[in-house]
Amino acid sequence: MTRYDGDGADAERTFAALPPARGRGFARTWWGRAWLTALEGTALDSGQLKAGRGLARSGAVGAVSVRPGRVTAVVQDRDGTAHRADVLLQELSEERWDRFLAMAVERAGHVAALLDREMPTHLVEDAESAGVELLPGPGDLEPECGCGAWDHCGHTAALCYQVARLLDQDPFVLLLVRGRGERALLDALQARDDASAGRPAQGPEGVDAAEAYAAGDILPSLPDAPALPFEPGTPPSLDAEAEPAAGIDPSALEFLAARTAVQAHRMLARALRDGHERQPAEPEPTVARDAVRLAAGEPGGAVAGRLAEGSGRGREGLAVAVRAWRHGGTAALAVLDEEWIVEGERLARARAALDSAWDEDERPALRARANRWTVVGAPVQLRLGREGRWWPYREERGRWIPAGDSSPDPATALATAERAPGSQPPAKPSPHQSHDRPQ
């Protein structure tokens, strides 16, 4: 439901209660995770955050009302007691909204992304460059709750976790809390765009003829780089009447040229993205790893056989590696191949993530070895990557197979493995089973 103010601008939106979130994470987008980072960096009591996750997962958060500066919902305790929970976030000033609108009008792609319910990182970065902080930081989410708590309690934490799910679906929710609803924002952008188009065009300023003649030997500036092609180029065909030279396989060479064109197109697209210069350089791939990348291009039988032999994996092992590659490239392949000991801070973070991912009565029994946690009595497994993300695996014919994309939340990753074809749900832990911990 949307309520409008006297000018017809949307001033409040109400979202129906979301279903329980058992077995899944609360934020799948980077901006939803940023919202939760602001919450988790503010709350002084981690126990209240855990209680909030439990309430949100169980469906205890009612309809969520969103309006400038505030989100509100009624949250029920496990005993049925209801509390009104509010989370406040400072609205942007008119001056900052003017800066944001001026920036967005100049970059039409930002508006298109928002209409697609996306919030790309470069939109937030451009807004920050204009002096506008869209996402909250630690300390920005202020709690108010009918239970009387002065800090974030389980009720306000549950509301924040539920709002993260709403932000995943629609980033305009964040902009409404900051002070502008979708309709008001789009109307303001249209008015600015019309005003800009209505200004008379100004011709180029004149240049003194003597100055122009004296500057005749100065080269003009380079033209803009051409736009990224819509798709990779097609290598020329090697089909000819002449016999190939000894040791040359034309079909293998054509496949290699086609995959090189695809890789070049991907690298060029990455290089043209905003902020590419701040990304770390990728290491040169090994021959064995590059064989997996090539095999992901679905070569013919003869080429596939050569790749299987050259990679040292064999046909079945290469097929498993290709599946991992398609789920996450080099990072997923490293998780497939490497078994390493989790120690120190990484171990503490892993244990905390596993402890908070499920309610006590829902947590599966896990047997740990190195960076791998296997569910007792079920052919599913979690693997921790060195970047801190959890990867789902399942067992097929005595071999562990990648079962899906990674997640920062172990419960989400395990649910992916359980939903994969051929897997069985894990057995409920008995009171006598314990959770093995890596040492």
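What comes next concerns the included structure. (Residues numbered from 1 in each chain as written. Predicted model: local features only at pLDDT ≥ 70, side-chain atom pairs only at ≥ 80, totals over all residues. Heavy atoms only, no water.)

All right, on to a negative patch on the surface then. A surface patch of negative charge is lined by Glu128, Glu133, Asp140 and Glu142. Tracing the backbone shows Glu142 in strand 6 (residues 142-145). (Patch = residues over 30% accessible without salt bridge, like charges linked within 9 Å, V, L, I, M, F, W, Y side chains within 5 Å. Areas by Shrake-Rupley, 256 points an atom, 1.4 Å probe, with all protein chains shown as cover. Salt bridge = Lys/Arg side-chain N within 4 Å of Asp/Glu carboxyl O. Lys, Arg positive; Asp, Glu negative; His and termini not counted. Charge placed at Lys NZ, Arg CZ, Asp CG, Glu CD. Helix = DSSP H or I, 4+ residues; strand = E, 2+ residues; numbered from the N terminus.)

Relative to the helices and strands, Thr374 is located in strand 8 (residues 372-375). The class for Thr374 is buried, based on a relative accessible area of 10%. Within polar-contact distance, the side chain of Thr374 engages the side chain of Gln381 at 2.9 Å. Those residues within four positions of Thr374 in sequence are excluded, and the remaining contacts are Ala365, Leu366, Arg367, Val380, Gln381 and Trp400. (Buried < 20%, exposed > 50% of the residue type's maximum accessible area, 1.4 Å probe, protein only. Polar contact = N/O pair within 3.5 Å; in protein donor to acceptor, adjacent residues only side chain to side chain. Contact = heavy atoms within 4.5 Å.)

What follows is about a nonpolar patch on the surface. A contiguous nonpolar patch, built from Leu228, Leu268 and Leu272 and spanning about 240 Å² of accessible area, is present on the exposed surface. Among the secondary structure elements, Leu272 is positioned in the loop between helix 10 (250-271) and helix 11 (287-295).

Positionally, Gln381 belongs in strand 9 (residues 380-384). A distance of 2.7 Å separates the side chain of Gln381 from the side chain of Arg383, its partner in a polar contact. Residues contacting Gln381, with those up to four places away along its chain left out, are Arg372, Trp373, Thr374, Trp391, Pro392, Tyr393 and Trp400.

Every other side chain in a regular strand lies on the same face of the sheet, so the side chains alternate between the two faces. When you tally the buried positions in strand 10 (residues 390-396), you get five out of seven residues, the bulk of the element. One ladder, built from five bridges, connects strand 9 with strand 10; its direction is antiparallel. Its bridge partner lying in strand 10, Arg383 is registered against Trp391. Counting the residues that bridge the hairpin from strand 9 to strand 10 gives five residues, and of these Gly388 lies at a positive phi of roughly 95 degrees. Two strands pair when backbone bridges link them, and strand 10 and strand 11 (residues 399-402) are joined in this way by four bridges, in the antiparallel orientation. Residue Glu395 lies in a different strand from strand 11, and its bridge partner there is Trp400. (Pairing = 2+ DSSP bridges.)

Within the sequence span of helix 12 (residues 301-311), burial applies to Val303, Ala304, Gly305, Leu307, Ala308 and Ser311. Looking at the buried positions of helix 12, the neighbouring elements they touch are helix 10, helix 11 and helix 13 (314-337). Remark: Gly312 follows helix 12 within two positions and exhibits a positive phi of approximately 80 degrees.

So, about the environment of Val105. With respect to the helices, strands and loops of the structure, Val105 is situated in helix 3 (residues 94-106). Its relative accessible area of 27% is what places Val105 among the partly exposed residues. Residues Val105 and Leu189, spaced 84 residues apart in sequence, show a C-alpha to C-alpha distance of 6.4 Å.

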